[in-house]
There are 2 protein chains.
Amino acid sequence: MRIRIGILGYGNLGRGIECAIRQNADMELAAVFTRRNPADVSILTKDVPVCSVSEVCNWKDKIDVMILCGGSATDLPEQTPEYVKWFNVVDSFDTHARIPEHFEHVDKAAKESGKIGIISVGWDPGMFSLNRMYANAILPKGRDYTFWGKGVSQGHSDALRRIAGVKNAKQYTIPVERALESVRAGENPELTTRQKHIRECFVVLEEGADAAEIENEIKNMPNYFADYDTTVHFVSEEELIKNHSGIPHGGFVIRSGKTGWQEENSHVIEYSLKLDSNPEFTACVIAAYARAAYKLSKEGQTGCKTVFDIAPAYLSTASGEELRKTLL
Amino acid sequence: MRIRIGILGYGNLGRGIECAIRQNADMELAAVFTRRNPADVSILTKDVPVCSVSEVCNWKDKIDVMILCGGSATDLPEQTPEYVKWFNVVDSFDTHARIPEHFEHVDKAAKESGKIGIISVGWDPGMFSLNRMYANAILPKGRDYTFWGKGVSQGHSDALRRIAGVKNAKQYTIPVERALESVRAGENPELTTRQKHIRECFVVLEEGADAAEIENEIKNMPNYFADYDTTVHFVSEEELIKNHSGIPHGGFVIRSGKTGWQEENSHVIEYSLKLDSNPEFTACVIAAYARAAYKLSKEGQTGCKTVFDIAPAYLSTASGEELRKTLL
């Protein structure tokens, strides 16, 4: 019997989950739930129902793990504690500063319902967090660096699109190569915001908009661009669609540290991701943790978990014996 | 109260453990055990006893975790199942093919004694295994590559030193840059042994030895060198000591995979280590898992575990709350 997965919210992430389920033979898509009119939502998998979120409770016994694909700003803080009353759930809550309170809410609800809720799954938070944690435990005397990119920042692209006179735009976050090299060389540099990342913008102007003025407005936008070296390219709508429609991302988590009686030896641990599709990769991580949620629940565990709390073997389809034989 | 660590076997790894304990404020070195005459073994930590292995059972209640620093060929297959009768233990058993039987032996003994035995801890097996496993769970459609180096292979250096006419030698394993680049580019190459690694040898000859003959013997040595592009440099003993006394190592674990409804998107996950001291880094990983052994034992868990079976949070001194706040 396969793990029956529900998807709640069918945007880029939801579609990514649908694709990931197709690659995991031990899983099947049971249903997709949407706030839109279900008749207006067409999914990729044949013969799987699209339902209104209002019906979700009728699926209580027909879904093993519900994957919540809403946004972190307003959806997940409400949805995860709510739906864990009915289902084992996994979310990708990524507002780092609010993770502690989100954990508390989900933990309380999950313990009451006897379900498992795994929060903040993806690559950051997620795989990057795991790698920061392992590296910190291994090298207590050291220093952490996280670089993002090259990749599309949705938040920064949205900020560009809110400027009057901007018709469309895409923003890439790019790590500064020199900074990466210094970190990799174990030089333990102190890096300012500007020294770590570059921001590159591709902007389509509305007819009659003043390019120089908009460029100036972008480069001086507080929080988003003012603290960075920012380049702005004005392009046609066709060019934006042709060359900048993807949602690639990635990044680097590096810890360098010292060992030895006099701390005479240097070590560098590096984890990096190069992703063609940010939401599809996030979805793959979530699918693996959905398997973990299923197994943990079968064992009778309850409450909120993060990637830190789950032994790696839970993510795999292989038995402990197979893992020791083939991957250890 | 700190975690009381015992070290059994005081070579490079044992000294590495001693240094690691110094960097972990929640641990203390209780005693070092040796098969040599304890009077002949001088350790770095002041006021800590060096004892004969024959006395080890007297320390049953004075040590929380015993770290076994013997070799995988003959020491650990005997020692780990034996000492887990008395102590929680961690070893770095690294004969990949024999891990399943080693696990069975340690698991049986540990379950009988009510102790925890964590085996095959280090970086390969260890952190590399973990990264292979996570990456496989995340990208089911993909391919794994492991490259080692640049680093000193003790096995290959020993093989060189066994050749008649060779006085001393050091062998470096070096990944082939072109192969690494192809893998990182997601090209999924088929790579032969020769295409993955180069072997570079620094050899000191005995007086009167025939360099050409020895070079030929090295390059054609089955298993060790014949399947590789091998370069041989003849150097003086002084040069070998001056430039090749370190024990650096490292390597790369890369998985590239496809996602999307038609597998149209590529992703590359890469984990790499660059280590000045192979044994000191291995020791750091072991120290973190010694903490896990202590915590697992306090919870009443027993039996044999590997890195796959242990939730990451067990390696850390920080509470779940702190981890969520600072590293997630």
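Up top is the structure.
Calculation criteria
Residues numbered from 1 in each chain as written. Chains lettered and ligands numbered in written order. Predicted model: local features only at pLDDT ≥ 70, side-chain atom pairs only at ≥ 80, totals over all residues. Heavy atoms only, no water. Helix = DSSP H or I, 4+ residues; strand = E, 2+ residues; numbered from the N terminus. Rg over C-alpha atoms; globule rule 2.2 N^0.38 Å. Buried < 20%, exposed > 50% of the residue type's maximum accessible area, 1.4 Å probe, protein only. Contact = heavy atoms within 4.5 Å. Areas by Shrake-Rupley, 256 points an atom, 1.4 Å probe, with all protein chains shown as cover. Lys, Arg positive; Asp, Glu negative; His and termini not counted. Charge placed at Lys NZ, Arg CZ, Asp CG, Glu CD. Phe/Tyr/Trp six-rings, centres within 6.5 Å; stacked < 30°, edge-to-face > 60°. Lys NZ or Arg CZ within 6 Å of the ring centre and 35° of its normal. Buried area = accessible area lost by both parts, 1.4 Å probe. Nonpolar A, V, L, I, M, F, W, Y, C, P; charged D, E, K, R; others polar. Pairing = 2+ DSSP bridges. Least-squares fit on C-alpha atoms with pLDDT ≥ 70 in both. Disulfide = S-S within 2.5 Å. Axes fitted to C-alpha atoms, helices over the stretch in contact; angles between N-to-C directions.

J.: Got a sec to walk through the overall build of chain A? Specific residues and values, please.
T.: In terms of regular secondary structure, chain A is built from 11 helices and 14 strands. For 328 residues, the compact-globule estimate of 2.2 N^0.38 gives 20 Å, and the C-alpha radius of gyration of chain A, at 22 Å, lies within 12% of that figure. Each of the 328 residues in chain A was classed as buried or not, and the buried ones make up 58%. Put simply, of all contacts in chain A between residues at least 6 apart along the chain, 69% involve residues at least 24 apart. A total accessible area of about 13700 Å² is found for chain A, and carbon and sulfur atoms account for 46% of it. Charged side chains in chain A number 38 positive and 45 negative. The centres of these two groups are separated by 5 Å.

J.: Can you explain the packing of aromatic side chains? Please cite residues and give values.
T.: Evaluation of the coordinates by the stated rule reveals 9 aromatic pairs over all chains. Ring plane angle 85° and centroid distance 5.8 Å describe the contact between Phe33 of chain B and Trp59 of chain B, whose orientation is recorded as edge-to-face. With Phe33 of chain B in strand E2 (residues 27–34) and Trp59 of chain B in the loop between strand E3 (50–52) and strand E4 (65–68), this pair connects stretches of sequence that are 26 residues apart. Given the relative accessible area of 0%, Phe33 of chain B is considered buried. The exposure class of Trp59 of chain B is buried, given its relative accessible area of 14%. On the basis of an interplanar angle of 80° and a centroid distance of 6.1 Å, the ring pair of Phe128 of chain B and Tyr271 of chain B is categorised as edge-to-face. On the criterion of sequence distance, the pair formed by Phe128 of chain B in helix H4 (residues 127–138) and Tyr271 of chain B in strand E13 (residues 265–275) is long-range, its members being 143 residues apart. Residue classification places Phe128 of chain B among the buried residues on the basis of a relative accessible area of 0%. Tyr271 of chain B gets classed as buried once you look at its relative accessible area, which sits at 2%. Three or more aromatic residues joined by ring pairs make a cluster, and in this case those are Trp123, Phe128 and Tyr271 of chain A. Directly above the aromatic system of Tyr172 of chain A lies the positively charged group of Lys150 of chain A, at a separation of 5.0 Å from the ring centroid.

J.: Describe in detail the environment of Pro312 of chain B, supporting the description with residues and values.
T.: Relative to the elements of secondary structure, Pro312 of chain B occurs in the loop between strand E14 (303–305) and helix H11 (320–326). By relative accessible area, Pro312 of chain B is classed as buried at 0%. Leave out the neighbours within four places in its chain, and Pro312 of chain B touches Leu130, Met133, Tyr134, Val307, Phe308, Ile310 and Pro312 of chain A together with Tyr134 of chain B.

J.: Which residues make up the interface of chain B and chain A, and what values go with them?
T.: Tallying the contact residues gives 71 residues for chain B and 71 residues for chain A. Buried area between chain B and chain A, both sides added, is near 6200 Å², and the carbon and sulfur share of it is 63%. Residue assignment for the side of chain B that touches chain A shows that the elements contributing at least two residues are helix H1 (12–23), helix H3 (99–113), H4, strand E12 (249–259), E13, helix H10 (278–298) and H11 of chain B. Broken down by element, the residue count for the side of chain B that touches chain A peaks at 11 residues, all from E13 of chain B. When grouped by side-chain class, the residues that make up the side of chain B that touches chain A number 36 nonpolar, 17 polar and 18 charged. Strand direction decides the pairing type here: strand E13 (residues 265–275) of chain A and E13 of chain B, joined by 9 bridges, are antiparallel. Within the sheet, the bridge partner assigned to Val268 of chain A lies in E13 of chain B and is Lys274 of chain B.

J.: Would you mind going over the relation of the copies chain B and chain A in detail, with residue names and values included?
T.: Two copies of the chain are present, and they differ by a rotation about an axis and a shift along that axis. Turning chain B through 180° and shifting it by 0.0 Å along the axis lays it on chain A, with an RMSD of 0.0 Å. Both chain copies can therefore be described as sitting about a two-fold axis. Judged by C-alpha distance, Ala311 of chain B is the residue of chain B that lies nearest the rotation axis, at 1.8 Å.

J.: So what's going on with the state of the cysteines? Which residues, and what values?
T.: Under the criterion given, the structure shown has 0 disulfides over all chains. Cys284 of chain A carries a free sulfur, and the closest cysteine sulfur to it, the one in Cys19 of chain A, is 8.6 Å from it.

J.: Residue-level account of the sheet that holds strand E12 (residues 249–259) of chain A, with values.
T.: Reading across the sheet, the 6 strands line up as E7(A)-E12(A)-E13(A)-E13(B)-E12(B)-E7(B) and stay open at both edges, with antiparallel pairing between neighbours. Of all the strands in the sheet, just strand E7 (142–148) of chain A together with strand E7 (142–148) of chain B have a single pairing partner and so form its edges. Averaged over neighbouring strand pairs, the angle between their axes works out to 10° when direction is ignored. Strand direction decides the pairing type here: E12 of chain B and E13 of chain B, joined by 11 bridges, are antiparallel.

J.: Can you break down the side chain of Ser157 of chain B residue by residue, with the values?
T.: Residue and element names in this part refer to chain B. With respect to the secondary-structure elements, Ser157 resides in helix H5 (residues 154–161). Relative accessible area serves as the criterion here: at 0%, Ser157 is assigned to the buried category. When neighbours within four sequence positions are excluded, Ser157 is seen to be in contact with Val152, Ala169, Lys170 and Gln171.

J.: Lay out the sheet that holds strand E9 (residues 166–175) of chain A in plain terms, naming residues and giving numbers.
T.: Residues and elements named next belong to chain A. Ordered by their spatial adjacency, 4 strands build an open sheet running E8-E9-E10-E11, and the pairing between neighbours is mixed. Either end of the sheet is taken by a strand with one partner, and the two such strands are strand E8 (151–152) and strand E11 (229–234). As paired elements, strand E10 (residues 197–205) and E11 share 6 bridges and run parallel to each other. For Glu200, the partnering residue across the bridge sits in E11 and is Thr231.

J.: How would you explain unusual backbone geometry if you had to name every residue and give the values?
T.: Residues and elements named next belong to chain B. A cis amide bond, omega 5°, links Asp124 with the succeeding residue Pro125. Note that Pro125 resides in the loop between strand E6 (116–118) and H4. For the bond from Gly149 to Lys150, the omega torsion is -5°, close enough to zero to count as cis. Locating Lys150 in the fold gives a position in the loop between E7 and strand E8 (151–152). The backbone phi angle of Ser120 is positive, close to 60°, even though this residue is not glycine. With respect to the helices and strands, the residue Ser120 is situated in the loop between E6 and H4. On the basis of relative accessibility, which here comes to 0%, the residue Ser120 falls in the buried class. Even without being glycine, Asn223 reaches a positive phi, approximately 70°. Tracing the sequence through the fold places Asn223 in the loop between helix H8 (211–219) and strand E11 (229–234). Judged by its relative accessible area of 66%, Asn223 is exposed.

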